[in-house]
Structure formats: C-alpha cells, structure tokens
Amino acid sequence: MKVEAIQYGDRKVYTVASFNRGVADWLSRLPTIWVEGEVTELRRNPRWQSVFFTLKDPADGACLGVTIARSRFDALRLDLSDGERVHVYGRPELFEAKGDFRMRALSIERFGLGDHLAAIERLKKKLAAEGVFERKRPLPFLPRRIGLVTGNDAAAKRDVLTTITARFPAARIVVAETYVQGPFAPAAMVDALRDVAAAGEVDVIVLARGGGSFEDLLPFSDERLVRAVATCPVPVVSAVGHEQDTPLCDLAADARASTPTAAARLVVPDAHELLHRLERTRSGLARGARSVLEGRRARLTHMHERLRRAPTLAVERKRARLEHAAGRLRALSPHATLQRGYAIVRAKDEIVRSAEAVSPGEPIDVEVADGHFGARVE
Amino acid sequence: MTFEESQKELEQIVERLERGDAGLDEAITLWERGEELYKRCVGQLDAAQGKIEELVRRAESAKP
C-alpha cells in the first residue's frame, strides 16, 4: 500500500490516516503467534461485530487489547470470564480509525492448571524417550568447590549456605543469583548453570529454590533448563520447592533433594562425624597391622619348632634302622647258637666235626656262650 | 628375598626333612639353611613390627 507524504519545503509530512495506514501495513507483516495472559474487561455485545477484552500479564500487569470476530468467539463456546488464563493465537493489528494498537485473535484456548500439567507431561514423555532423565552420576564425596544457583530471595539460599557451612566449615561455595521465576527465569538459570560449571574446581552444583505456587515453579520444568541440567558437565543436585513438587529438572538432575537443606546435606559430609569415623578407622588400622604380624609370627614359630625337631628325627630314624640291621646281623652269628647251649670244640685249632678226629688224652678247647675252657678227651 | 619367599622355602625344607628321604649330609645342609631362613624371617617381622609401633606412636602424638 502506498503512503503519500505532503512536501512542505524540505519537510515530509504525513496525514494521520496515512501514518496509521503505514504502521498498520508494517504490523500486518508480523507473524501470527501465541500469547498467554489473563482475560479482563471482556465486552461482548450482540450488536457488535467483534468481541473485545484485555489480556493481562499476571507477572507484571502489562496489558494488551484483543479483538476477535464475534462469530468466531461464539463458535469457540469458551464461556470465558474475567481472570481466566488463556492462550490467544493471533497477530498485532492497528485499528486505523483510532490509532489503537491491539491484537487480532484468530483463536483462544483456555489454559488452566490441567493444561499446564498436560503440557509438562507431554514434555516429560518426550525427554524420557530421549534418555534425558537417565544420567545419574555419583556426587563427589568432598567437592573442591560447590556451585549454588538460586534466586536472590533469602530463604533457599540461606538454608543451603547455613547447612553446608554447619556441616563442613571449610567448604567453598560459588553462588550465582538469578531469576528463578517469571518468563526470563529458564534462560537466566541456563546461563547461571553454565557459568558456575565453568567457574573452575566446581565439583557439584545445587539448584535451589524454596516452595512456591505451581506456576512459580514452572521455569524448573522448562525444556531449556531441563536439558541444561541433564548435560551439565558437573553433577547437579536439584532442590526445588517442597517434597510433593516434582519439576522436570528434578528428574534430569543427578540427585534430587526434597528441600534446600537436604541438598546441602547431600553435597558435603558432616566434618565432625567424618573426623570421628576417621579416628575409629585409624585405630582399626593399627589393630589390623598388628594382627597380620602376629599371624605371621605364630606360623613362623610353629615352622621353626618343626625345623628344630626334624634333624633329630632324621638321625633317630637312621639309628633305629641301624639297630635293626645290627639285630639281624647278631641273630645270624654263631654266638646266638652258643647261647642256646651249644658248644664249639676245637682240637689243635681245628673245629672238631667228628668223634674220630680226636684220640683219648688229647687236650681240646671248648667254646661256650660266655667264654671257653680246656678239657681232655677220655 | 621377601618374607613370603623365605617363609615358603622354610616350609618346603621342613616338609622335606619330615618326610625323611634326605641323606644325612643333605639333611644337615637343609637344616642349616632352614635356620638361616628362620632368622631372616624373624628379622623381617621384627622390623615390620617396629615400623608399625613407630607409626602408631607418631600418629597418636599428632592427634588433632
């Protein structure tokens, strides 16, 4: 559409109508989008072509006039009343006759608690299918530094800080304050998370926010934040809201704490208890070392006793064998026969084996078991 | 030679002697070797014990 200007010397001047026409034309090129807000000042008159209402931002009260064709509005059968949360699909428009800026709605959807829940549920299914909730890394036993991403509202931050300091006085904490509710919160928390993770020596990050309404906690189910938590290079403990709240960032985090205080207990050990346990372990250590030594010594002593006995045993065994052989040797000697009462008779140093070998009066030598004596043949 | 190696050899010697199949000269040699190993093991145990007691004493005196 052509907008003509009137030329006054070197000044270009537009009529009101052409100015409005030009702005309207420019606005009409903007895309059609969804806007969320609360319905107020709804005006519907059967004689009017359009229905009017004002869309109000519940966070800061910003207002936007909306029109929608009456036939279209009636066809939606929404039966809207003031204060209801809606999503409006439309595009910006200038009502040229009055220079009024407003939104021309094509469609309106009621967006209540149930719709929020359904949207979160859909996102949850999608992220679960991608495996976003599966990474669970163990928390460090003793982090060098602890990152804390929290709102500048006192309660949650104070709870985490005091609990950490009480349990482990030497803990070092990097705090990043950020928006934790409202439309800027998700992106701001993503940035804070990234900055803290990159701060150096940060071994664990606590994402903390105290209790709040369902809508206050919505940023913690925002896809951007949930993904940032899941891909954070440092383990994340999520401590958002109260026990019964389960924002999606709780599922993506490596650990979930029901309260900021519980999160603090997860990230640092109790120094007092730790020292106590260490002391007990140390005395157990000395006991263990001594008992190992005693076991070795007992075994060695036993071995030594056996070693001491072994050579005597060996010599005695050999002596017994010798005695046995000697016994057998003696059994075979003529001496044993003499002991049974036999005698050896010798004449002229020859053993007498026959009566005819001697003659009467001849001297003989008689050997018995214990000696010998002389005799004469009769 | 580690304590375990010494102890193992000592045990083998005792078993060999107790079986009684070694010659007399060999038995004497084995016995002498056994005594030597025993002394070595005891020395190593004494050293270890001394070290443990020293560490325990030092650790306890450094109590925070």
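What counts, and at which threshold
Here the residue index of a chain counts from 1 through its sequence in written order. Chains carry letters and ligands carry numbers; both start at the beginning, A for chains and 1 for ligands, and go up in the order they are written. Residues qualify for local features only when their pLDDT is at least 70, as the model is predicted, and side-chain atom pairs are given and counted only at 80 or more; totals for whole chains, interfaces and linings, by contrast, use all residues. Here a strand is any run of E in DSSP of at least two residues, a helix any run of H or I of at least four, and the numbering for each starts at the N terminus. Put plainly, a residue is buried at 20 or more neighbouring C-beta atoms within 10 Å of its own, exposed at 12 or fewer, and partly exposed in between, counting only other residues' C-beta atoms, which are placed from the backbone. In this description, a residue-residue contact is defined by the distance between C-beta atoms placed from the backbone, which must lie within 7 Å. Between any two strands, pairing holds if DSSP finds at least two bridges. Charged means Asp, Glu, Lys or Arg here, nonpolar means Ala, Val, Leu, Ile, Met, Phe, Trp, Tyr, Cys or Pro, and polar covers whatever is left, Gly included. Between N-to-C directions, angles cover 0 to 180 degrees, with each direction set by a line fitted to C-alpha atoms, over the stretch in contact for helices. We call two directions roughly parallel when the angle between them is under 35 degrees, roughly antiparallel when it is over 145, roughly perpendicular when it lies between 65 and 115, and oblique otherwise. In a left-handed crossing the near helix is turned counterclockwise from the far helix by less than a right angle, and in a right-handed crossing that turn is clockwise. The span you would expect from a helix comes to 1.5 Å times its residue count less one. The predictor attaches a confidence to each residue, called pLDDT, with possible values from 0 through 100.

Please explain the overall build of chain A as it appears in this structure.
When helices and strands are counted, chain A shows 10 helices and 16 strands. Scored against the burial criterion, the 378 residues of chain A give a buried share of 24%. Sequence-distant contacts in chain A: of pairs separated by 6 or more residues, those separated by 24 or more amount to 60%.

Would you mind going over the overall build of chain B with me for this structure?
Secondary structure assignment for chain B yields 2 helices and 0 strands. Burial statistics for chain B: of 64 residues in total, 20% are counted as buried.

Looking at this structure, how should I read the sheet that holds strand 14 (residues 350–351) of chain A?
In sheet architecture, strand pairing relies on hydrogen bonds along the backbone and comes in two forms, parallel and antiparallel. Residue and element names in this part refer to chain A. Read from one edge of the open sheet, 4 strands run 14-13-15-16, paired in antiparallel fashion. With partners counted over all chains shown, the strands left at the sheet margins are strand 14 and strand 16 (371–376), one partner each. Strand direction decides the pairing type here: strand 13 (residues 344–347) and strand 14, joined by 2 bridges, are antiparallel. Among the inter-strand pairings, R346 is bridged to a residue of strand 14, identified as I351.

What am I meant to see in the interface of chain B and chain A here?
Size of an interface: often given as the accessible area lost when the parts come together. Each partner contributes residues to the interface: chain B has 24 residues there, and chain A has 17 residues. Those elements that place two or more of their residues in the side of chain B that touches chain A are helix 1 (3–19) and helix 2 (24–61) of chain B. It is helix 2 of chain B that provides the largest number of residues to the side of chain B that touches chain A, a total of 15 residues. Looking at the side of chain B that touches chain A, its residues break down into 17 nonpolar, 4 polar and 3 charged.

Would you take a moment to explain the sheet that holds strand 3 (residues 33–43) of chain A for this structure?
All names here are of chain A. Taken in spatial order, the 5 strands close into a barrel running 3-4-5-7-6, and their pairing is mixed. Direction aside, the axes of adjacent strands within the sheet are offset by 55° on average. Pairing of strand 3 with strand 6 (residues 85–95) involves 6 bridges; the strand directions are antiparallel. Directly across from V35, in strand 6, lies its bridge partner V88.

What exactly am I supposed to notice about the environment of V149 of chain A here?
Residue and element names in this part refer to chain A. Assignment of secondary structure puts V149 in strand 8 (residues 145–150). The sequence separation of V149 and V174 amounts to 25 residues, and the corresponding C-alpha distance is 8.5 Å. With sequence-adjacent residues up to four places away left out, V149 is seen in contact with A176, T178, M189, A192, L193, V196, I205 and L207.

Would you mind showing me how to read the packing of helix 1 of chain B against helix 2 of chain B here?
Helix packing for two helices is described by the angle between their axes and how far apart those axes are. Residue and element names in this part refer to chain B. Contact pair helix 1 / helix 2: the axes reach a minimum separation of 9 Å and the direction vectors enclose 150°. Classified by the angle their axes make, helix 1 and helix 2 are roughly antiparallel. Where helix 1 crosses over helix 2, the two elements pack in a sense that is left-handed. For the pair helix 1 and helix 2, the contacting residues are F3, S6, Q7, E9, L10, I13, V14, R16 and L17 in the first and A27, L30, W31, R33, G34, L37, Y38, R40, C41 and Q44 in the second. When the residues that make up the contact of helix 1 with helix 2 are grouped by side-chain class, the tally is 11 nonpolar, 4 polar and 4 charged.

What am I meant to see in helix 2 of chain B here?
Counting along an α-helix, one turn takes 3.6 residues, and residues three or four places apart therefore face a common direction. Between the first and last C-alpha of helix 2 of chain B there are 55 Å, a value that for 38 residues agrees with the 56 Å anticipated at 1.5 Å per step. Those residues of helix 2 of chain B lying buried are A27, L30, W31, G34, L37, Y38 and C41 of chain B.

Please explain the environment of T2 of chain B as it appears in this structure.
Residue and element names in this part refer to chain B. Residue placement: T2 occurs in the segment before helix 1. For T2, a count of 8 C-beta atoms within 10 Å translates into the label exposed. Counting along the chain gives 38 residues from T2 to R40, while the straight-line C-alpha distance between them is 9.7 Å.

Could you clarify how one ought to interpret the pairing of strand 16 of chain A in this entry?
The two faces of the sheet receive side chains in turn, since in a regular strand these alternate between them. Residues and elements named next belong to chain A. Of all 6 residues in strand 16, 0 are buried; the element is thus mostly exposed. Sheet topology places strand 15 (residues 363–368) next to strand 16; 6 bridges connect them, and they run antiparallel. Along strand 16, the bridge assignment pairs I364 with A375. Between the antiparallel neighbours strand 15 and strand 16 lie 2 residues.

So what exactly am I meant to see when it comes to the packing of helix 5 (residues 185–197) of chain A against helix 6 (residues 223–231) of chain A here?
All names here are of chain A. At their nearest, the axes of helix 5 and helix 6 sit 8 Å apart, and the two run at 15° to each other. Taken together, the axis directions place helix 5 and helix 6 in an arrangement best described as roughly parallel. Two packed elements cross with a definite hand, and for helix 5 against helix 6 that hand is left-handed. In contact with P186, A187, M189, V190, L193 and R194 of helix 5, helix 6 contributes R224, L225, A228 and V229. When its residues are assigned to classes, the contact of helix 5 with helix 6 shows 8 nonpolar, no polar and 2 charged.

Looking at this structure, I do not really get the pairing of strand 13 of chain A. What am I missing?
Pairing of strand 13 of chain A with strand 15 of chain A involves 3 bridges; the strand directions are antiparallel. Within strand 15 of chain A, the position partnered with R346 of chain A by the bridge is D365 of chain A.

What am I meant to see in the environment of T165 of chain A here?
Tracing the backbone shows T165 of chain A in helix 4 (residues 154–167). Note on T165 of chain A: 14 C-beta atoms within 10 Å, which makes it partly exposed.

Whenever I open this one, the confidence of the model for chain A confuses me. Can you help?
If pLDDT is low for a region, its predicted coordinates should not be looked at in detail. In this model, chain A carries an average pLDDT of 88, and 97% of its residues clear a pLDDT of 70 or more. Confidence scores differ between elements of chain A, with helix 10 (residues 334–339) of chain A showing the lowest mean pLDDT of 75 and strand 5 (residues 63–69) of chain A the highest of 95.

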